[in-house]
Amino acid sequence: MLVSWNTTNQCNMFCDHCYREAGARLAEELDTGQAEKLIREIKKAGFRIMIFSGGEPLMRDDIYELGAYATQQGLRAVLGTNGTLISPEVATKLKEAGFMAAGVSLDSLDPVKNDSFRKLDQAYELTLKGMENLKSAGIPFQIHTTVMDWNVNELESITDFAIEIGAMAHHVFFLVPAGRAVNIEDEALKVAEYEKTIARLMEKQKQVNIEIKPTCAPQFMRVADKKGIPMRFSRGCLAGISYCIISPRGDVQPCAYMDIRLGNVKDRAFDVIWHENSILKELRTTEYKGKCGGCDYNDRCGGCRARAYYYSGDYMAEDEWCLYRPKGCEGHE
């Protein structure tokens, strides 16, 4: 079980696809005391991994203190970062605080394309330096890439680069329109290309030793099974089942791309929200509608709940981006 906390809305970038519309710090973000209470409640709820993301988490002055506190509580503290602020000194402080790993965003091997998407001059150069500094400090890291129509042909090359620089994994994020991303929906992959891209990534997985994981593309479980590729993951979509996200102000959501507010940790303990919220309980039934409901991969894939919610307004609806025809359906694969 893993939980992601958007530690702050403040960020030194203004990315086109940001689901939080990050940039400026918000009023009423959780303070240090509230954050420590949240960490205790996350542990009490049974979570093992806590991702400190943003915005850019390194723009919080107390990030090292909070990482150390999470570690003391028995959680595995992980950083989700754009990497540009990770100097050798920062990397050392992260290591000392107990951060066990980091996910670093890189969207293109072309500095111009990457920096344009990230809206920061020299983002590419600074990100690579950040990765090298993490490696020197002994913090394992993985590369996160958001796939768009303009970088889809680079994915295998970015995986090769990840291997070259010493990353432990390459996670590829498929766009679900949320936040600023609603403005670039036309640049997202379309249904047929989506399926082909998942297949390409799984073919690449057969050739390399580092982990490749499509994210917000739960159909990768089906594709991996059909290609005979063993995966350490037990399920595609985890939203509300073994994963959720908490906003800078304390709002709990089933996932980053599903803007459904389940409660606020300032008003109600996180562990109570996690165990008692009716929407989370419904998501855990996996009683989906349409072809997702009767699919033979229901318990392995689950369809993207955020995509179902975006396109239909119903988080239990079928994932319209899936081309698979379940057993019993006309045209079954």
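Look a little higher up for the structure.
Not measured: the values here are computed from a predicted model.

1. Section: the overall build of the protein chain
If you tally the helices and strands in the protein chain, you get 12 helices and nine strands. Computed over its C-alpha atoms, the radius of gyration of the protein chain comes to 19 Å, within 12% of the 20 Å expected for a compact globule of 333 residues. For the protein chain, the spread of C-alpha atoms along the three principal axes comes to 60 × 45 × 35 Å. For the protein chain, the residues scored as buried account for 59% of the 333 residues in total. Long-range contacts, defined as pairs at least 24 residues apart, comprise 70% of the intrachain contacts of the protein chain with a sequence gap of at least 6. Approximately 13700 Å² of the protein chain is accessible, and the part contributed by carbon and sulfur atoms is 49%. In the protein chain, the 41 positive side-chain charges and the 47 negative ones have mean positions that sit 5 Å from each other.

2. Quick notes on the packing of helix α1 (residues 32–45) against helix α2 (residues 63–72)
The geometry of α1 relative to α2 is characterised by a closest axis approach of 10 Å and an angle of 25° between their N-to-C directions. Here α2 runs roughly parallel to α1, going by the angle between their axes. Seen along the crossing, α1 lies across α2 with a hand that is right-handed. Contacts between α1 and α2 pair Thr32, Ala35, Glu36, Ile39 and Arg40 from the former with Glu65, Leu66, Tyr69 and Ala70 from the latter. Here the residues of the contact of α1 with α2 sort into five nonpolar, one polar and three charged.

3. Details of the sheet that holds strand β8 (residues 243–246)
An order of β7-β6-β5-β4-β3-β2-β1-β8-β9 is seen for the nine strands of this open sheet, with the pairing classed as mixed. Two strands close off the open sheet at either side, each with one partner strand: β7 (211–215) and β9 (252–253). Where strand β6 (residues 169–174) lies against β7, five bridges are found, and the strand directions are parallel. Looking across to β7, one finds that histidine 170 is bridged to isoleucine 212.

4. What about the pairing of strand β3 (residues 76–81)?
β3 sits mainly inside the fold: five of its six residues count as buried. By the bridge criterion, four bridges tie strand β2 (residues 49–53) to β3 in an arrangement that is parallel. If you follow isoleucine 49 over to β3, its bridge partner there is arginine 76. Read from β2 through α2 to β3, the crossover connection turns out right-handed. Taken together, the four bridges between β3 and strand β4 (residues 101–105) define a ladder with parallel strand orientation. Residue leucine 79 lies in a different strand from β4, and its bridge partner there is alanine 102. Chirality of the crossover, the property in question, places the unit of β3, helix α3 (residues 88–97) and β4 among those that are right-handed.

5. Side note on the pairing of β8
Going residue by residue along β8, you find Tyr243 and Ile245 tucked away on one face and Cys244 and Ile246 tucked away on the opposite face as well. With four bridges joining them, strand β1 (residues 2–6) and β8 adopt parallel strand pairing. Among the inter-strand pairings, leucine 2 is bridged to a residue of β8, identified as tyrosine 243. Relative to β9, β8 is paired through two bridges, and the arrangement is antiparallel. Across the sheet, residue isoleucine 245 finds its bridge partner in β9, namely glutamine 253. Following β8, the chain reverses through five residues before pairing antiparallel with β9; glycine 250 in that reversal takes a positive phi of roughly 105°.

6. Brief notes about the packing of aromatic side chains
Within the structure shown, the criterion is met by 12 aromatic pairs. One residue, lysine 213, lies across the ring of phenylalanine 233, its end atom 5.3 Å from the ring centre. Seen from the ring of tyrosine 288, arginine 305 lies directly overhead, with NZ or CZ sitting 4.0 Å from the centre.

7. Examining the nonpolar core
Residues Trp5, Ile42, Phe52, Leu94, Ile143, Phe174 and Phe270 are the most contacted members of the largest nonpolar core, which totals 92 residues. Core analysis: the second largest hydrophobic core is formed by five residues, Cys295, Cys301, Cys322 and Tyr324 among them.

8. Quick word on the pattern of salt bridges
If you walk through the whole model with that rule in mind, you get 18 salt bridges. Across the salt bridge formed by lysine 129 and glutamate 125, the nearest N and O atoms sit 3.2 Å from each other. Here the residue lysine 129 and the residue glutamate 125 both occupy positions in helix α5 (residues 123–137), the gap between them amounting to four residues, near one helical turn. Among the residues examined, lysine 129 registers a relative accessible area of 46% and is labelled partly exposed. We note a salt bridge from lysine 135 to glutamate 132, for which the minimum N-O separation is 3.4 Å. In this pair, lysine 135 and glutamate 132 both sit in helix α5, three residues apart, roughly one turn of the helix. The class of lysine 135 is partly exposed, set by a relative accessible area of 39%.

The rules behind each value
Residues numbered from 1 in each chain as written. Predicted model: local features only at pLDDT ≥ 70, side-chain atom pairs only at ≥ 80, totals over all residues. Heavy atoms only, no water. Helix = DSSP H or I, 4+ residues; strand = E, 2+ residues; numbered from the N terminus. Rg over C-alpha atoms; globule rule 2.2 N^0.38 Å. Buried < 20%, exposed > 50% of the residue type's maximum accessible area, 1.4 Å probe, protein only. Contact = heavy atoms within 4.5 Å. Areas by Shrake-Rupley, 256 points an atom, 1.4 Å probe, with all protein chains shown as cover. Lys, Arg positive; Asp, Glu negative; His and termini not counted. Charge placed at Lys NZ, Arg CZ, Asp CG, Glu CD. Axes fitted to C-alpha atoms, helices over the stretch in contact; angles between N-to-C directions. Parallel < 35°, antiparallel > 145°, perpendicular 65-115°, else oblique. Left-handed = near helix turned anticlockwise from the far one by under 90°. Nonpolar A, V, L, I, M, F, W, Y, C, P; charged D, E, K, R; others polar. Pairing = 2+ DSSP bridges. Right-handed = clockwise from strand over helix to strand, strands pointing away. Phe/Tyr/Trp six-rings, centres within 6.5 Å; stacked < 30°, edge-to-face > 60°. Lys NZ or Arg CZ within 6 Å of the ring centre and 35° of its normal. Core = buried A, V, L, I, M, F, W, Y, C linked by side-chain atoms within 4.5 Å. Salt bridge = Lys/Arg side-chain N within 4 Å of Asp/Glu carboxyl O.

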